[in-house]
Amino acid sequence: MNFFDSLIDDVLSQTESSDRASYPYNASLCRKDTGYSQVIMQRDTAYELSGTGMSLVTSADINDEIIVVGDDLDKISDNRKFARISIVQTDDIPDEQNAYKLIRKIEYVKYHYFPDGFMIRTSSSSHKEAVRVAKTSVKEGISFKEIGNLLIKKYKEIDEVRGVKVIFVTVPDADYDSFSQIAQKADSITKTLNHIMNTVNFDCDTCNLKPICDEVEGMRELHFRSKERNM
Ligand code: SF4
């Protein structure tokens, strides 16, 4: 699966920075998972992070790794923008239905991890993601390394997942609008896959997804392959 590869290249080039730390995945250093969506009240909140969360799937090789661009959680004291990008390597899935299902499954992992003292608010209809961090967690030294380890562990519960890189960005001068645009494009690619599965319209001139098929390598071929299969 390579539909998101150019977006992954964009993310990697945007997150090249001297203010960057990298940690190998270690399943024994996960943040505690409460198993339910914790509520952190305003009075117990040290600060809020708000911005973009997305997952980008590929079958190219990805090392298990957590990258932090900017301050870590225990160094932040005020509300600020952030981005969380998960780059997930899976087995190559040639069938569009299974590829779509797997992309959705990977996307849904964001609803199934509940780090202690780190309240995540995210929506199924957008790529916006917001986090409240508890004062007590900041005092005890909460880190993105722990959060990333937990998230990677959850992705790895999916059989087809081979490698995961989770990137957290908190540096104030990052181009957060660009992360949002990348997430919107990823969403359009996933919607196009859905369209390919569910439509018998093969007229590219009248199809509103033409801009995506013009841009993303392999998308048009996928649709026409599915046409041949169904004839
Ligand atoms: S191949 Fe053509 S008809 Fe199919 S989704 Fe792309 S633009 Fe639309």
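Structure: above.
All values derive from a computational prediction rather than experimental measurement.

A. Quick peek at the overall build of the chain. Counting secondary structure elements, the chain contains seven helices and seven strands. For the chain, the succession of helices and strands along the chain, N to C, is α-β-β-β-β-α-β-β-α-α-β-α-α-α. By the compact-globule yardstick of 17 Å for 231 residues, the chain fits well, its C-alpha radius of gyration being 19 Å. Overall size of the chain, expressed as C-alpha extent along the three principal axes, is 60 × 35 × 35 Å. Counting the 231 residues in the chain, one finds 48% classified as buried. Long-range pairs, those at least 24 residues apart, make up 85% of the contacts in the chain with a sequence separation of at least 6. When the accessible area of the chain is evaluated, it comes to approximately 11,500 Å², of which 46% is carbon and sulfur surface. Each charge sign in the chain was given a centre, from 30 positive and 38 negative side chains, and these centres are 6 Å apart.

B. Structural context of the packing of aromatic side chains. Evaluated as defined, the whole model comprises four aromatic pairs. Seen from their ring centres, Tyr108 and Tyr111 are 6.0 Å apart, and the 45° between their planes marks the pair as tilted. Residue classification places Tyr111 among the partly exposed residues on the basis of a relative accessible area of 25%.

C. Region of the structure containing the packing of helix 1 (residues 5-14) against helix 5 (residues 176-198). Where helix 1 meets helix 5, the axes come as close as 10 Å, and the angle between the chain directions of the two elements is 165°. Between helix 1 and helix 5, the angle is such that the two are roughly antiparallel. Here helix 1 and helix 5 pass one another in a crossing that is left-handed. Along its contact with helix 1, which presents Leu7, Asp10, Val11 and Gln14, the element helix 5 presents Ser178, Phe179, Ile182, Lys185, Ala186 and Ile189. Split into classes, the residues belonging to the contact of helix 1 with helix 5 amount to six nonpolar, two polar and two charged.

D. Examining the environment of Ile40 more closely. Residue placement: Ile40 occurs in the loop between strand 1 (20-24) and strand 2 (45-58). Residue classification places Ile40 among the buried positions, given a relative accessible area of 5%.

E. Quick peek at the sheet that holds strand 6 (residues 128-134). Pairing in this open sheet of seven strands is mixed, and the strands run 1-3-7-4-2-6-5 from one edge to the other. Single-partner strands in this sheet number two, and they are strand 1 and strand 5 (118-122). Adjacent strand axes in the sheet meet at a mean angle of 20°, parallel and antiparallel pairs treated alike. Taken together, the five bridges between strand 1 and strand 3 (residues 65-69) define a ladder with antiparallel strand orientation. When the bridges of strand 3 are listed, Tyr23 appears paired with Ile66. Across the sheet, helix 4 (residues 144-155) lies against strand 1, strand 2, strand 3, strand 4 (80-90), strand 5 and strand 7 (161-169), angled at about 150° from strand 7, the strand it touches most.

Rules used throughout
- Numbers given for residues are sequential positions, taken from 1 along each chain in its written order.
- Residue-level local features of this predicted model are given only where pLDDT is at least 70; pairs of side-chain atoms are given and counted only at 80 or more, and the full residue set underlies all totals for whole chains, interfaces and linings.
- As a convention, hydrogens and water are excluded, and side-chain values are obtained from all of the structure's heavy atoms.
- Only DSSP runs of H or I with at least four residues qualify as helices, and only runs of E with at least two residues qualify as strands; both kinds are numbered from the N terminus onward.
- Between the two quantities, the radius of gyration covers C-alpha atoms and the globule rule is 2.2 Å times the number of residues to the power 0.38.
- The cut-offs for exposure are 20% and 50% of the maximum accessible area for each residue type, with area from a 1.4 Å probe on protein chains only; residues under the lower value are buried, those over the upper are exposed, and the others partly exposed.
- Note on contacts: a residue pair is in contact if any heavy atoms of the two residues lie within 4.5 Å.
- Calculation of accessible area relied on Shrake-Rupley with a 1.4 Å probe; when residues are assessed, cover is drawn exclusively from the protein chains displayed.
- None of His or the chain ends enter the tally, which takes Lys and Arg as positive and Asp and Glu as negative.
- Charged groups are reduced to one reference atom each: NZ for lysine, CZ for arginine, CG for aspartic acid, CD for glutamic acid.
- The criterion for an aromatic pair is that two Phe, Tyr or Trp rings (for Trp, the six-membered ring) have centres within 6.5 Å, with stacked assigned to planes under 30 degrees apart, edge-to-face to planes over 60 apart and tilted to the rest.
- Convention adopted: a line fitted to C-alpha atoms gives each axis, helices being fitted over their contacting stretch, and angles between N-to-C directions are expressed from 0 to 180 degrees.
- By definition in this entry, angles of less than 35 degrees are roughly parallel, angles greater than 145 are roughly antiparallel, angles of 65 to 115 are roughly perpendicular, and the rest are oblique.
- The hand of a helix crossing depends on one turn: near helix anticlockwise from the far one by less than a right angle means left-handed, and clockwise means right-handed.
- Nonpolar residues are Ala, Val, Leu, Ile, Met, Phe, Trp, Tyr, Cys and Pro. Charged residues are Asp, Glu, Lys and Arg, and all others, Gly as well, are polar.
- Strand pairing requires that DSSP identify at least two bridges connecting the strands.

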